[in-house]
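# Report on the structure
Listed below, chain by chain, are the residues.
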Amino acid sequence: MEDSRIAMPIGTALDRFIKSRQEAFAFATGELSQLLRDIALSGKVVNRDINRAGLINLAGVTGTQNTGGEDQKELDILANIRFSRALTKGGEVCAIISEEEEEIIEVNNNSSYIIAIDPLDGSSNIDVNVSIGTIFSIYRRISEVGTPVTEADVLQPGKNQVAAGYILYGSSTMLVFTTGMGVNGFTYDPTLGEYFLSHTNMQIPDGGKIYSVNEGSYHSFTDGVKNYIEDCRDNGFSGRYIGSLVADFHRNLLKGGIYIYPSTAANPTGKLRLVYECNTLAFIAEQAGGLATDGVNRIMDIIPTDIHQRAPFFIGSKEMVERAKEMIG
Ligand code: AHM
Ligand code: MG
């Protein structure tokens, strides 16, 4: 089998990259490749919506709330529709778990994959022109193809992911993903309507000088978390917090750093969702040489009991996450 970690040249088009990876798998049926293509295409559509949001009255709140009781924005709902429609029509998944839907959406029982997705993360930044993202995880079903999806299919630990990625709608739009053979990043060229490989085999530095946490909640952190933040300050690290998980994570991936969303008074079990936020980024972080923990357990070892459950989250450069775990433990 070809070593598919061999870097492809910068500028390789996404489609070509996916095809070459598919050929490296003896068992590949092409379903996963098509699924990645569907996600990439929906990302283009959402990117277009975001770019025009201020012009077409898409930036406001809808008056409705999502599964976690958070206000939904027009774009949250639109992005959910865009991805759900493409994934349903594409037919490569048997079920969709979405942050915007209370229940699992059952799609095509003859498909092998399950997708968990936060269609548009960083809601508070949607209407102020700040970076936001899409986060997705893909699992292979455990139950037999052709039968209804089971609880065991949708409550798999993160270590079972076969692919995971995010789209960052930032100063440029990027798709970053892993299929368990390293992490690669593709930059979207809007003039050509195509993603091109721009970051090959991404590695997060072992150490870093950036810590990302909402310090407004400092008073409700545990002493251990407070001590770790003090430690970052004593070391002269920079505080950088956008408030969009994908954007904060992406910066730390490139530069080295730690992102923290611990338990708080408002969110006693953390705010971020295990299945379609924490696990996704944990897979990417580990593939890039980093770590992700809830403070005690490796994120990807946790067996979910609910598709929307939350977890405290510490993710980023290996040495920083290890130090944080040591100090909060
Ligand atoms: P969302 O899924 O409702 O957008 O919430 C997740 C977001 C993350 O992107 C971000 O890191 C975090 O919530 C910010 O929360 P806070 O405003 O409490 O700091
Ligand atoms: Mg979210």
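Just so we're clear, the structure is a prediction, and the values are computed from it rather than from any experiment. Every chain begins its residue count from 1, and numbering advances along the sequence as written. In the order they appear in the text, chains get letters beginning with A and ligands get numbers beginning with 1. The model is predicted, so local features are restricted to residues of pLDDT at least 70 and side-chain atom pairs to those at 80 or more, both for listing and for counting; the totals for chains, interfaces and linings are taken over all residues. Processing note: side-chain calculations cover all non-hydrogen atoms of the structure and skip hydrogens and water entirely.

## Topic: the domain arrangement of the protein chain
What marks off one domain from the next here is an automatic or database domain assignment. Split by domain assignment, the protein chain resolves into domain 1 (14-199) and domain 2 (210-328). A straight line from the C-alpha centre of domain 1 to that of domain 2 covers 22 Å. Whether two residues touch is decided by their heavy atoms; if any such pair falls within 4.5 Å, the residues are in contact. Across the contact, 50 residues belong to domain 1 and 33 residues belong to domain 2. When two parts are put together, the accessible area they lose, computed with a 1.4 Å probe and summed over both, is reported as buried area. Summing the contributions of domain 1 and of domain 2, the shared interface buries around 2900 Å²; its carbon and sulfur component is 64%. Interface area lost by domain 1 to domain 2 is led by I135, L155 and Y166, which between them contribute 21%. Salt bridge, as used here, is a side-chain nitrogen of Lys or Arg placed within 4 Å of a carboxyl oxygen of Asp or Glu. At the boundary of domain 1 with domain 2, the tally comes to two salt bridges. Across the salt bridge formed by R273 and E99, the nearest N and O atoms sit 3.7 Å from each other. Whenever a nitrogen or oxygen atom comes within 3.5 Å of another N or O atom, the pair is scored as a polar contact, on the condition that within protein one atom can donate a hydrogen and the other can accept it, and that pairs from neighbouring residues in sequence are kept only if both atoms are in side chains. The tally of links between domain 1 and domain 2 comes to 12 residue pairs in polar contact (both at pLDDT 80 or more). Strands here are runs of E lasting at least two residues and helices are runs of H or I lasting at least four, both read from the DSSP assignment and numbered beginning at the N terminus. The biggest single contributor to the side of domain 1 that touches domain 2 is strand β7 (residues 161-169), with eight residues. Just so you know the grouping, Ala, Val, Leu, Ile, Met, Phe, Trp, Tyr, Cys and Pro go in nonpolar, Asp, Glu, Lys and Arg go in charged, and all remaining residues, Gly too, go in polar. Here the side of domain 1 that touches domain 2 is composed, by residue class, of 22 nonpolar, 20 polar and eight charged.

## Focus on the coordination of the magnesium ion (ligand 2)
Metal coordination angles in their ideal form are 109.5 degrees for the four-donor tetrahedron and 90 or 180 degrees for the six-donor octahedron. Donor criterion used throughout: N, O or S atom within 2.8 Å of the metal, extended to 3.2 Å for Na, K and Ca. Water excluded; incomplete-looking sites may result. For the magnesium ion (ligand 2), the protein coordination sphere consists of E99 (OE), D118 (OD), D121 (OD) and E277 (OE), at 1.9 to 2.5 Å. The motif formed by the donor residues of the magnesium ion (ligand 2), counted along the single chain, is E-x18-D-x2-D-x155-E. Linking E99 in the loop between β3 (93-98) and β4 (105-106) with D118 in strand β5 (residues 113-121), this pair joins segments that are 19 residues apart in sequence. D118 shares its class with E99; the two are buried. Using a 1.4 Å probe on the protein chains alone, a residue whose accessible area is under 20% of its type maximum counts as buried, one over 50% counts as exposed, and one in between counts as partly exposed.

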